[in-house]
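Tertiary structure, described
Next come the chains, spelled out residue by residue.
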Amino acid sequence: MERSLKPSDLTEIPHQILEEAVRAGIEKDDSKRAGTLMHVDRETIYTKINEKFRNQIEFMDVKDAIKKYPWVDDYRWKIVDRDKDEYTRKVAEDFSGGYFIHVKENADITFPLQACLMMAQKEIEQKIYNIIIVDEGANVNIISTCVQHSRAKKASHLGITEYFLKKDSYLNFTMVHSWSEDTFVRPRSAAVLDDGAVFISNYLSLRPAKDVQMYPVAYCNGKSSKASINSILYGHTNTKLDIGSAAILNGPESAADMTSRAISRNGSEMILRGRIEAHDPTARGHLECKGLLLDEKSFIHSIPELIASKGGAELSHEASVGKISDKEISYLMTRRMSEEDAISMIIRGFMDVGILGLPSQLEKEVDRVIDLTADAS
Amino acid sequence: MYILRAENFGVRIGNRWILKDIDFRLKRSQIYVLFGPNGSGKTTIISAIAGLPGYEVEGKIFFDDKDITDLEIDERANLGISVAFQYPPEITGVKLEAILKRCLDKDPEDDFSESEMQMIESFKLAEFLNRDINVGFSGGERKRAEMLQMFFLRSELLLLDEPDSGVDVDTLKLMGEQLQKYIDDNEATALIVTHQGGILEYMDPKYACVLFDSSLQCFADPNRIAKELRQCGYQCCIQCNRKVTRPWNDH
Ligand SMILES: Nc1ncnc2c1ncn2[C@@H]1O[C@H](COP(=O)(O)OP(=O)(O)OP(=O)(O)O)[C@@H](O)[C@H]1O
Ligand SMILES: [Mg+2]
């Protein structure tokens, strides 16, 4: 069987594949992870669950999960509409796989789970379907990395993800995108939150891409459910990003906050959307978006939207777009920094991981990812 | 030997001359106090010496006899000129710790030495190390952070723009004593802009001047000038007959 040929250790993965994954933030030493899954092109080539957590999580290719558990069908396409657009329809018709993550009731997964979706072939159209279910009272941190191998050049990635957060669960999900200049990307995802669930969603995109458009939605249906959606975006070399997120606050005392930092340089065009809808009088939400333009060729259009259908809901936003401040540069130069060093310190500061809702141990790791990917550009 | 010389020095912002035709010299190992009404150009003079953008400068400035008129900010900083800003900017995501390490010429991974840590603690800034520089700092906290950065830079010429404005009495004492000690230990020179002169009580400055009407108008003992200003304001100071035509140059 093909299964037995699969590597049983990350070190058995072809070197050129593993190195690219590591460059985008995958931890090589998977004993530091609760589990690892790698999907390359159209195949899941590696799955491993840390012994410590074997009874608490299920982590496998989604196709295997569908075969193994008929009930998975009760979740599929429940919150993302399969007829939403041509991309959802394409993935609904045919997909190569993706990850299935099921965190069992009251499980406390103290190590992060990691998944890597890679495109290594030229001109590939990768179609992925992921599903994440966090049962009642469980908590977990997941790092999902989408990488394009440097030899793949032109490619497109369509990815659907559905997240289900049961009562009082906690999911901290960090997605890292690492594309290249000729990549077309269409993720479609949605999350649904039951009573007391907390969803922290962090998105990092620091390398160039041709065209990325996404607009994930979090439905805070449960009482006191809370979504925190953050992003750090670095657009350069003609990258077109149309990125936003929406939170729909249906539950009593549900809450959402969205924070984003976007840097646009060297001909990059960015549309930054954010939308919070409150349909309960006790809901509250805050949206913050800061954009930094580094040159005359770049462009940022910020579109914050607040919608309240019930009196009493509290929604607010702050948005700013501007260029890097001369006063800040001069200030740092009086501290013996060259102009170049001062600018990179300000940019690096602007991409502060502190805005992401990360546990402190993960914060360091994500900081390292930002260093890695920002340096590479 | 003068640490700083300005000749036919003038500064223009847009098409307005803020300072015109000034000559002055600063000696090594001295403390100079600069008084002047709001808007007279004190911050302008400091900014022009440091090379900050937005100022058209005429004439020449020499640091240690080297012409620095056309040098960049960091080149001047590297020669040994540092500034404590009246209004330092807030920089999101840039930590005080990171800047202090750059001032000390350390790598981000390097730790502070014991004596550096002591200095940070005496300025009551240990808890601020991981804060974004100046973001949410109170007025006095900013002033403390400015002075500490300056000490870590180990400069020879310290330009302090209102280091004592809005600062509590204990901090005044700390700043005044530390500054005096720094000057004595390093044979450095300080040019201190002050309105109330609070910091001077803990220091021993020799020279003072009043910037008024685009030029430097008086020269006398700082404590006397401070007293006179308190009594009758700038108008009367300007009429005082101790005015000299070439201030700061007769020593
Ligand atoms: N960027 C600028 N554009 C226009 N005018 C300016 C600018 N910067 C300074 N000025 C003007 O130059 C003059 C001198 O300003 P400066 O800040 O040097 O005064 P100051 O003596 O430091 O005052 P204060 O005691 O209030 O700090 C003022 O009239 C001020 O309005
Ligand atoms: Mg001033």
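Residues numbered from 1 in each chain as written. Chains lettered and ligands numbered in written order. Predicted model: local features only at pLDDT ≥ 70, side-chain atom pairs only at ≥ 80, totals over all residues. Heavy atoms only, no water.

A short note on the interface of chain A and chain B
Facing the 20 residues of chain A at the interface are 30 residues of chain B. Viewed at the interface, chain B and chain A are joined by three salt bridges. Across the pair arginine 102 of chain B and aspartate 341 of chain A runs a salt bridge whose closest N-O atoms are separated by 2.9 Å. Linking chain A with chain B are nine residue pairs in polar contact (both at pLDDT 80 or more). Elements with a minimum of two residues in the side of chain A that touches chain B: helix 4 (326-333) and helix 5 (339-350) of chain A. Along the lines of polarity and charge, the residues of the side of chain A that touches chain B split into seven nonpolar, four polar and nine charged. (Contact = heavy atoms within 4.5 Å. Salt bridge = Lys/Arg side-chain N within 4 Å of Asp/Glu carboxyl O. Polar contact = N/O pair within 3.5 Å; in protein donor to acceptor, adjacent residues only side chain to side chain. Helix = DSSP H or I, 4+ residues; strand = E, 2+ residues; numbered from the N terminus. Nonpolar A, V, L, I, M, F, W, Y, C, P; charged D, E, K, R; others polar.)

Concerning the packing of aromatic side chains
Applying the stated rule across the entire model yields 18 aromatic pairs over all chains. Between the aromatic rings of tyrosine 69 of chain A and phenylalanine 100 of chain A, the centroid separation amounts to 6.4 Å while the plane-to-plane angle is 35 degrees, which identifies the pairing as tilted. Of this pair, tyrosine 69 of chain A sits in the loop between helix 2 (62-68) and helix 3 (86-93) while phenylalanine 100 of chain A sits in strand 4 (residues 99-103), placing them 31 residues apart in sequence. You'll find tyrosine 69 of chain A and phenylalanine 100 of chain A in the same group, each marked buried. Taken together, a centroid distance of 5.9 Å and an interplanar angle of 75 degrees make the contact between phenylalanine 123 of chain B and phenylalanine 151 of chain B edge-to-face. Remark: phenylalanine 151 of chain B occurs in helix 5 (residues 139-153) and phenylalanine 123 of chain B occurs in the loop between helix 4 (114-122) and helix 5; sequence separation between them is 28 residues. Residue classification places phenylalanine 123 of chain B among the buried positions, given a relative accessible area of 0%. Joined through ring pairs, the aromatic side chains of Tyr69, Trp71, Tyr75, Phe100 and Phe164 of chain A make up one cluster. Geometry around phenylalanine 95 of chain A places lysine 63 of chain A over its ring, the cationic atom sitting 5.0 Å from the centre. A cation over a ring is seen here: arginine 5 of chain B above phenylalanine 62 of chain B, with NZ or CZ 4.3 Å from the ring centre. (Phe/Tyr/Trp six-rings, centres within 6.5 Å; stacked < 30°, edge-to-face > 60°. Buried < 20%, exposed > 50% of the residue type's maximum accessible area, 1.4 Å probe, protein only. Lys NZ or Arg CZ within 6 Å of the ring centre and 35° of its normal.)

Quick notes on the coordination of the magnesium ion (ligand 2)
All of the protein donors around the magnesium ion (ligand 2) are Thr43 of chain B (OG1) and Gln86 of chain B (OE1); their distances to the metal are 1.9 to 2.1 Å. One end of the pair, threonine 43 of chain B, is in helix 1 (residues 42-50); the other, glutamine 86 of chain B, is in the loop between strand 6 (81-84) and helix 3 (96-103), with 43 residues separating them in the sequence. (Donors = N, O, S within 2.8 Å, 3.2 Å for Na, K, Ca; no water.)

Side note on the packing of helix 4 of chain B against helix 5 of chain B
All names here are of chain B. Contact pair helix 4 / helix 5: the axes reach a minimum separation of 10 Å and the direction vectors enclose 160 degrees. Considering the angle they form, helix 4 stands roughly antiparallel to helix 5. In this structure, helix 4 crosses over helix 5, and the sense of that crossing is right-handed. When helix 4 is examined against helix 5, the residues Glu116, Met119 and Ile120 are found in contact with a partner set consisting of Leu148, Phe151 and Phe152. (Axes fitted to C-alpha atoms, helices over the stretch in contact; angles between N-to-C directions. Parallel < 35°, antiparallel > 145°, perpendicular 65-115°, else oblique. Left-handed = near helix turned anticlockwise from the far one by under 90°.)

Quick word on the environment of lysine 84 of chain A
Relative to the helices and strands, lysine 84 of chain A resides in the loop between helix 2 and helix 3. Taking the C-alpha atoms as reference points, lysine 84 of chain A and arginine 188 of chain A, 104 residues apart in sequence, are found 9.2 Å from one another.

Some thoughts on the site of ligand 1
Residues and elements named next belong to chain B. Taken together, 14 residues are adjacent to ligand 1, and Gly39, Lys42, Thr43, Thr44 and His195 come closest. With respect to ligand 1, the side chain of asparagine 38 contributes an N or O atom lying 3.0 Å from an oxygen atom. A distance of 3.3 Å separates an oxygen atom of ligand 1 from a polar atom in the backbone of serine 40. Contact with the protein chains covers 61% of the free accessible surface of ligand 1, which is 640 Å². (Near = heavy atom within 4 Å. Areas by Shrake-Rupley, 256 points an atom, 1.4 Å probe, with all protein chains shown as cover.)

Observations concerning the pattern of salt bridges
For the coordinates displayed, the defined rule picks out 38 salt bridges over all chains. Linking arginine 142 of chain B and glutamate 90 of chain B is a salt bridge whose minimum nitrogen-to-oxygen distance equals 2.9 Å. Of this pair, arginine 142 of chain B sits in helix 5 while glutamate 90 of chain B sits in the loop between strand 6 and helix 3, and the two are 52 residues apart along the sequence. The residue aspartate 185 of chain B makes a salt bridge to lysine 181 of chain B at a minimum N-O spacing of 3.0 Å. Note that aspartate 185 of chain B and lysine 181 of chain B are positioned in helix 6 (residues 169-186) at a spacing of four residues, about one turn of the helix. Using a relative accessible area of 48% as the deciding quantity, one classes lysine 181 of chain B as partly exposed. Shared partners join several salt bridges into a network, and the residues in it are Lys90, Asp94, Glu125 and Lys127 of chain A.

Here we look at the sheet that holds strand 20 (residues 314-323) of chain A
Residue and element names in this part refer to chain A. Sheet architecture is open: ten strands sit in the order 2-1-5-7-9-11-14-16-18-20, paired in mixed fashion. The open sheet has two free edges, formed respectively by strand 2 (43-49) and strand 20, since each of these has just one partner strand. Neighbour-to-neighbour, the strand axes of this sheet turn through a mean angle of 5 degrees, independent of strand direction. Along the sheet face, helix 5 touches strand 16 (255-264) and strand 18 (284-293) and points at about 160 degrees away from the line of strand 16. (Pairing = 2+ DSSP bridges.)

So, the domain arrangement of chain A
All names here are of chain A. For chain A, the domain assignment lists domain 1 (10-325) and domain 2 (326-377). Distance between the C-alpha centres of domain 1 and domain 2: 23 Å. Counting the surface domain 1 buries against domain 2, the share from its top three residues, Ile232, Ile324 and Ser325, is 23%. At the surface where domain 1 touches domain 2, the tally comes to zero salt bridges. Where domain 1 meets domain 2, there are four residue pairs in polar contact (both at pLDDT 80 or more). Among the secondary structure elements, those contributing two or more residues to the side of domain 1 that touches domain 2 are helix 1 (15-23), strand 7 (139-148), strand 9 (170-178), strand 11 (198-205), strand 14 (226-235), strand 16 and strand 18. (Domains from an automatic or database assignment. Buried area = accessible area lost by both parts, 1.4 Å probe.)

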